[in-house]
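What the coordinates show
For reference, the chains in residue letters:
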Amino acid sequence: MTFFNLPDHKRKKLIDAAEKEFARVALFEASIANIVKTAGIPRGSFYQYFQDKEDLYFYLLDKKLDESKRYFVSILDHHNGDIFEAMVDMYHKFLVMMPDEEEHNFIKNALLYATNKVENSFTSIFDSTYDNNHYYKVIESINREKLKVKEDEDLLSILQVMSAVAFHNIIVKLSNKLSDDEATEQFKVQMELLKHGVYQET
């Protein structure tokens, strides 16, 4: 709350400094000393705002991923509830939403040095324990007509598998330096395979 009560320009200075540091190196290598120096604040003030660098890091990561959560509901509606079309669209959007080099490096470091907590942040889009309201918006927007499964719990399992595949695919893309188009085509193939497993025979 102390952080949120800061004037906008002071919050922005700290956020910009943190993003710069986390784009430069992975979380485990990041330095609070560098962050406070760049932000121009005393080290003691940092601990009034955040418990440690991990606390700040996940605040930033979750803030960046919130946009993707909101976007998924809108594209799910756009694709008439087709979760596979929406997921491919979402995947491509995630790749192209990082045109800024610093933003790209921040996400790249998060993925290439991913911990279980980092993976949970990325896949929380389909986790009711993170955001119940968002979760129910997604579930209600899914077109179940073509699906073999109808229950909410089963739909959640499908979504979690899809998000795990997407998470892995992005790591492969970054590790192997695939182009956005190459990675998207690879992801489309994976979604088609999953689709055949959960769609009814026509």
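The structure contained in this document is the topic of the report that follows. (Residues numbered from 1 in each chain as written. Predicted model: local features only at pLDDT ≥ 70, side-chain atom pairs only at ≥ 80, totals over all residues. Heavy atoms only, no water.)

**Some remarks on the nonpolar core**
To keep things clear, this is the line we draw: In these notes, a set of buried Ala, Val, Leu, Ile, Met, Phe, Trp, Tyr and Cys residues joined through side-chain atoms within 4.5 Å is what counts as a nonpolar core. Think of it in three bands: residues with accessible area under 20% of the maximum for their type are buried, residues over 50% are exposed, and the middle band is partly exposed, with areas taken using a 1.4 Å probe on protein chains only. The helix and strand labels rest on DSSP assignments: H or I over at least four residues marks a helix, E over at least two residues marks a strand, and numbering proceeds from the N terminus. When checking whether two residues touch, look at their non-hydrogen atoms; a contact exists if any pair is within 4.5 Å.
Core analysis: the largest hydrophobic core is formed by 64 residues, its most contacted members being F22, L56, Y57, L61, F72, F122 and I142. Here this core takes ten residues from helix α4 (residues 53-78), the largest share from any one element. Excluding residues within four positions of it along the chain, F22 makes contact with L27, A30, I35, K53, L56, Y57, L60, N105, F106 and N109.

**A short note on empty space enclosed by the protein**
Put simply, the rule is: A 1.4 Å probe that fits but cannot get out identifies a cavity on a 1 Å grid over protein atoms alone, an open set with protein on both sides within 12 Å along at least five of seven lines counts as a pocket, and a residue lines either if it has an atom within 4 Å of a point. Grid points are joined across faces, edges and corners, and a volume is the space filled by probe spheres set on the points. All residues other than Ala, Val, Leu, Ile, Met, Phe, Trp, Tyr, Cys, Pro, Asp, Glu, Lys and Arg, Gly among them, are scored as polar; the first ten of these are nonpolar and the last four charged.
Going through the model one piece at a time under the given rule, you end up with one cavity of 30 Å³ or more. One number sums up the size of the largest cavity: a volume of about 250 Å³. Sorting the residues of the lining of the largest cavity by element identifies α4, α5 (83-96), α7 (116-123) and α9 (152-175) as the ones contributing at least two each. A class-by-class count of the residues in the lining of the largest cavity yields twelve nonpolar, four polar and one charged.

**Notes on helix α2 (residues 32-39)**
For clarity, the cut-off: The arc in question is the one spanned by the directions pointing from the helix axis to the C-beta atoms. Counting of polar contacts relies on pairs of N or O atoms within 3.5 Å, with two restrictions inside protein: one atom must be capable of donating a hydrogen and the other of accepting it, and residues adjacent in sequence are counted only when both atoms are side-chain atoms.
Those residues of α2 that sit buried are I32, I35, V36 and A39. End-on, the buried residues of α2 take up no more than an arc of 90 degrees, which puts them together on one face. Buried positions along α2 lie against α1 (8-24), α3 (43-49) and α4. Two to three positions downstream of the cap, the backbone nitrogen of A33 sits 3.1 Å from a side-chain oxygen, assigning the N-cap of α2 to S31.

**Describing the pattern of salt bridges**
Which entries qualify depends on this criterion: Basic side-chain nitrogens of Lys or Arg form a salt bridge, by our definition, when they fall within 4 Å of a carboxyl oxygen of Asp or Glu.
Evaluation of the coordinates by the stated rule reveals nine salt bridges. Notably, a salt bridge pairs E21 with R24, separated by 2.9 Å at the nearest N-O pair. In this pair, E21 and R24 both sit in helix α1, three residues apart, roughly one turn of the helix. R144 is paired through a salt bridge with D152; the nearest N and O atoms lie 2.9 Å apart. The partly exposed category is assigned to R144, whose relative accessible area is 23%. A relative accessible area of 28% means that D152 is categorised as partly exposed.

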